[in-house]
Amino acid sequence: MLDAADICSKCWTLMTIAIRILDRALREDFGFQHLLWVYSGRRGVHCWVCDEAARKLSVAARSAVAEYLSLVKGGEEMMKKVVLSDPIHPFIRESLTVVERYFPRYALQDQDILGRKESVDKVLALRLHVRKELQQDFQNEKKPESRWKLIREQALRKQSTAKKGQHFEKEIMLQYCYPRLDVNVSKGVNHLLKSPFSVHPKTGRISVPIDLKELDTFDPFAVPTISLICEELDRPREGDEEEKSAETNENEKDTAERRKIRDYKRTSLAKYVKHLDQFLDGMARSWKGHLLRKSDLQKEF
Amino acid sequence: MQFPSRRRKQTSNPQTELYAHPLQFYGEPPLENMSLAEFETFAVDRLKLLKTVENLGVSYVKLSEPYAKKLESEFKNLSFPYRPESGPNEYDKRRKDHISHFILRLAYCQTEDLRRWFIQQEVDLFRYRFNDLPAKQKLEFLHRNNLQYDTISVEEKKSLLDKLVNSSYAVSGITVEDQDFYKVPFQDALDLVRTRKVYLKAGYVYIPHQDIVTIVLNDFRTRLSKALALTARSLPAVHSDERLQPLLNHLSHAYVGQDYSIQKNVGKISLEQIDSLSGKSFPLCMRQLHQSLRENHHLRHGGRMQYGLFLKGIGLSLEQALQFWRSEFIRGKVDADKFDKAYAYGIRHMFGKEGKRADYTPYSCMKVILSNAPSQGDHHGCPFRHSDPELLKQKLQFYKVSPSGISQVGDANFSLNHPNQYFIESQRVLGGGKDIKREMDAPQRPQEITAAKGNNAPREAATNDPQGLADMTEDLDSFFQDA
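Residues numbered from 1 in each chain as written. Chains lettered and ligands numbered in written order. Predicted model: local features only at pLDDT ≥ 70, side-chain atom pairs only at ≥ 80, totals over all residues. Heavy atoms only, no water.

Draft legend 1. Spotlight on the overall build of chain B. The helix and strand tally for chain B stands at 26 helices and four strands. Here chain B, with 483 residues, has 46% of them falling under the buried criterion. In chain B, once contacts between residues fewer than 6 apart in sequence are set aside, the share between residues at least 24 apart is 70%. Carbon and sulfur atoms form 50% of the exposed surface of chain B, whose accessible area is close to 25000 Å². (Helix = DSSP H or I, 4+ residues; strand = E, 2+ residues; numbered from the N terminus. Buried < 20%, exposed > 50% of the residue type's maximum accessible area, 1.4 Å probe, protein only. Contact = heavy atoms within 4.5 Å. Areas by Shrake-Rupley, 256 points an atom, 1.4 Å probe, with all protein chains shown as cover.)

Encoded structure:
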């Protein structure tokens, strides 16, 4: 029996969608530039927003940012968790663009939401007004893609007549694909946060930064675990014997320390640390630029 | 004394200049002598006004017609200014507005909670009054208070036309053409950002002149917050005046109401009773939480807080609570060790035995509705606010509420304001015949009391006509539209 806490390879697409939507919004809408995306080690991702402006935000401002980014609202008692009304805000439009790219493969194929009866019922429950018509149509049409086309057509029909409730195909896509944010952790400043490169207690995987340039090929199951790292560290180094004989007693401690610091390069962590370094370099450059501008203004030379 | 006339003449009295505008930021404190009686009346009246603001804000959409009408009548009753023109009567009311605000600052600056409440109501009050001003006076207010932001060029407006129109229901192509748009840093317009009612690009929001009120509100809120912090520092001097201290204490306790934290009946409830009590005397939110707990043998943090504190309020002791939660969680995926490690601490914390030892009070309805909205996997919150209307209707029917009772859910005036209050009232009704009269006197939530009495309900005729059912759906729909 599957533990609900495990992930499967099909679900990871949700994280890809989440990262694309939120990265765009934080950069283009809010103007933040220094974003570090980190894999949590199990089934989620964290985004570290490191701009100075972000770090100085008040609690109310943090809360506002989190709510701006939230589209899916409601606990177990709420069936319809996304409600759209006219006009559709540019943020929602942009997010929909991302969702629409992934929806056919993720929801219709991988998760087969319009194939299995229980899932179909759940989907149709979100749209009670046209449920009966769709249920009838579905008797004759079994292919998920065609069923989805029928849903879209119903939505288009409603859009020209109804004044509200006409965006249900968008609402369905968003309810299945839009990311769920942990708003409370984002709002407060007293929460303990998981540090990058820590080990996840349930899976043993290292919480590694994600390079967005390689986002589409990121595989959470290929992320190194602590046991793998230990294994790699235990492997004998090349050129180990020569190093040992060249050491004197006083230098031994220094060399050992330096060796320990370099050791990560022999493990699978190397590329992730490199990515972090590049991120930090970017921040340092930006800070230097800021200092230069400041000193120019103050006419210091 | 010279009263200001309609035409702006040279006035020799500086105070009339002070009250020339109906609205103010309360930047300067009043500098006059007054009688203690007037002091007290002003303060109490303003508190009544703020409480009305709070209640209306929960029952109605802010600035909607019923909201505005009811608030205006309260203004009239309590003699607060609501007319934009100046005149002798208005002068007195504006003076009262000014002074009463500053008096309440003294009472409400003392703790974080009090400050938060005061600021929230004053902001809502200000929003209503600013909104009511004619356009010219709005402009005048802005100029008087130095709110200056840059406008964007005509070219930029043109290029952003689609985005601007799609960001706000109130912005049309004509709005973009006719009005100036201000470029404001998003930190100064949090309310608009939070509700996504504005176009946001690269950290700036683009606001049409007609919406500048939100900026004003933010400014008001910030100034008031800073002022309260300063006021708190001068409190010792104020408290040393024996005439003021009792009044100020009374004022700051008035808003809280009973908090059900004093446990008069600890140990009177046994664990075996909880299941049946949940059906008879728990409000819907707690009943829901109890059911989820029994079904899933688990509740998430929000649910544990809301339900756990409620149980404390009805009389569960710490030992009972630990036993209750542990026995239920063990039936699920949690073993005894894990419970002791991960969950017991939280329960002890609730009872004030860990951490800063704060004896947390059970949540009031206001708190349940407004803070910590439920998300995926949660069962807490208020069913009348956070549930799907269809599901809610089914639940109420299942709990034997009459159809007419269900439609009354939409009309009811909100006077129940604490889940533990519901429990106590319900127990009283169930307990004795002489208390039946109380049921007649509490008309606001008949459907809830009916649910509590279960099969004994004498009053309603439970018919099940399909037409009535269809009407009900619409009532519930429109209720939840406003919420």
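After that view of the structure, there is still more to cover.
Draft legend 2. Region of the structure containing the packing of helix H4 (residues 88–108) of chain B against helix H5 (residues 112–132) of chain B. All names here are of chain B. Between H4 and H5, the least distance of the axes is 10 Å, while the angle of their chain directions is 160°. If you check the angle between H4 and H5, you find them roughly antiparallel. The two elements H4 and H5 meet at a crossing, and its hand is left-handed. Between H4 and H5, the contacting residues are Asp-97, His-101, Leu-104, Arg-105, Ala-107 and Tyr-108 on the first element and Leu-114, Arg-115, Trp-117, Phe-118, Glu-122 and Arg-129 on the second. (Axes fitted to C-alpha atoms, helices over the stretch in contact; angles between N-to-C directions. Parallel < 35°, antiparallel > 145°, perpendicular 65-115°, else oblique. Left-handed = near helix turned anticlockwise from the far one by under 90°.)

Draft legend 3. Focus on the sheet that holds strand S1 (residues 150–151) of chain B. Residue and element names in this part refer to chain B. With respect to topology, four strands assemble into an open sheet ordered S1-S2-S4-S3, the strand pairing being antiparallel. The open sheet has two free edges, formed respectively by S1 and strand S3 (199–201), since each of these has just one partner strand. When S3 meets strand S4 (residues 204–208), the two strands line up antiparallel, connected through three bridges. Counterpart to Lys-201 in the pairing with S4 is Tyr-204. (Pairing = 2+ DSSP bridges.)

Draft legend 4. Region of interest: the pairing of strand S2 (residues 45–49) of chain A. All names here are of chain A. Bridge count between strand S1 (residues 35–39) and S2: five bridges; the pairing is antiparallel. Among the inter-strand pairings, Leu-36 is bridged to a residue of S2, identified as Trp-48. Where S1 hands over to S2, the hairpin turn is made up of five residues, of which Gly-41 adopts a positive phi near 110°.

Draft legend 5. Structural view of the UniProt feature "binding site: [4Fe-4S] cluster" (unreviewed entry) in chain B. Residue and element names in this part refer to chain B. The feature "binding site: [4Fe-4S] cluster" (unreviewed entry), as given by UniProt, occupies Cys-285, Cys-365 and Cys-382 in the numbering adopted here. In summary, the annotated positions, though distributed over 98 residues, converge in three dimensions, the widest C-alpha pair being only 9.8 Å. Assignment of secondary structure puts Cys-285 in helix H15 (residues 284–296). Other than its neighbours up to four places away in sequence, Cys-285 contacts Gln-306, Gly-381 and Pro-383. (UniProt positions renumbered as here; feature names shortened; annotations may be inferred.)

Draft legend 6. Highlighting the environment of Asp-110 of chain A. All names here are of chain A. Here Asp-110 is to be found in helix H4 (residues 90–110). For Asp-110 and Cys-11, which are 99 residues apart along the polypeptide, the C-alpha to C-alpha distance reads 8.8 Å. The residues contacting Asp-110, other than those within four sequence positions of it, are Lys-10 and Arg-105.

Draft legend 7. Highlighting unusual backbone geometry. Across the junction of Asp-86 of chain A and Pro-87 of chain A, the peptide omega takes the value -10°, indicating a cis bond. In this fold, Pro-87 of chain A is placed in the loop between helix H3 (59–68) and H4. Even without glycine at this site, Ala-202 of chain B takes up a positive phi of about 50°. Assignment of secondary structure puts Ala-202 of chain B in the loop between S3 and S4. Its relative accessible area of 43% is what places Ala-202 of chain B among the partly exposed residues. With a phi close to 55°, Arg-357 of chain B is a non-glycine residue in the positive phi region. Checked against the element boundaries, Arg-357 of chain B lands in the loop between helix H18 (336–350) and helix H19 (365–370).

Draft legend 8. Spotlight on the packing of aromatic side chains. All names here are of chain B. Taken as a whole and judged by the stated rule, the model has 30 aromatic pairs over all chains. Both rings, one in Phe-329 and one in Phe-339, keep their centres 5.9 Å apart while their planes meet at 70°; by these two values the pair is edge-to-face. Taken as a pair, Phe-329 in helix H17 (residues 318–330) and Phe-339 in helix H18 lie far apart in primary sequence, 10 residues in all. Overall, Phe-339 belongs to the buried group, its relative accessible area being 1%. An aromatic cluster is defined as three or more aromatic residues linked by ring pairs; in this entry it consists of Phe-282, Tyr-307, Phe-310, Phe-324, Trp-325, Phe-329, Phe-339, Tyr-343 and Phe-423. Geometry around Phe-351 places Lys-312 over its ring, the cationic atom sitting 5.5 Å from the centre. (Phe/Tyr/Trp six-rings, centres within 6.5 Å; stacked < 30°, edge-to-face > 60°. Lys NZ or Arg CZ within 6 Å of the ring centre and 35° of its normal.)

Draft legend 9. Quick look at the interface of chain B and chain A. With 34 residues of chain B at the contact, the number on the chain A side is 35 residues. Here chain B meets chain A over a buried area of about 2800 Å², counting both sides, of which 55% is carbon and sulfur. Across the chain B-chain A interface, the total number found is one salt bridge. Connecting chain B to chain A are 10 residue pairs in polar contact (both at pLDDT 80 or more). (Buried area = accessible area lost by both parts, 1.4 Å probe. Salt bridge = Lys/Arg side-chain N within 4 Å of Asp/Glu carboxyl O. Polar contact = N/O pair within 3.5 Å; in protein donor to acceptor, adjacent residues only side chain to side chain.)

Draft legend 10. Broad picture of the state of the cysteines. Per the counting criterion, the structure on display carries zero disulfides over all chains. Cysteine Cys-50 of chain A remains unbridged, with the sulfur of Cys-47 of chain A as its closest cysteine sulfur at 8.0 Å. The thiol of Cys-285 of chain B is unpaired, and the distance to the nearest cysteine sulfur, on Cys-382 of chain B, comes to 6.4 Å. (Disulfide = S-S within 2.5 Å.)

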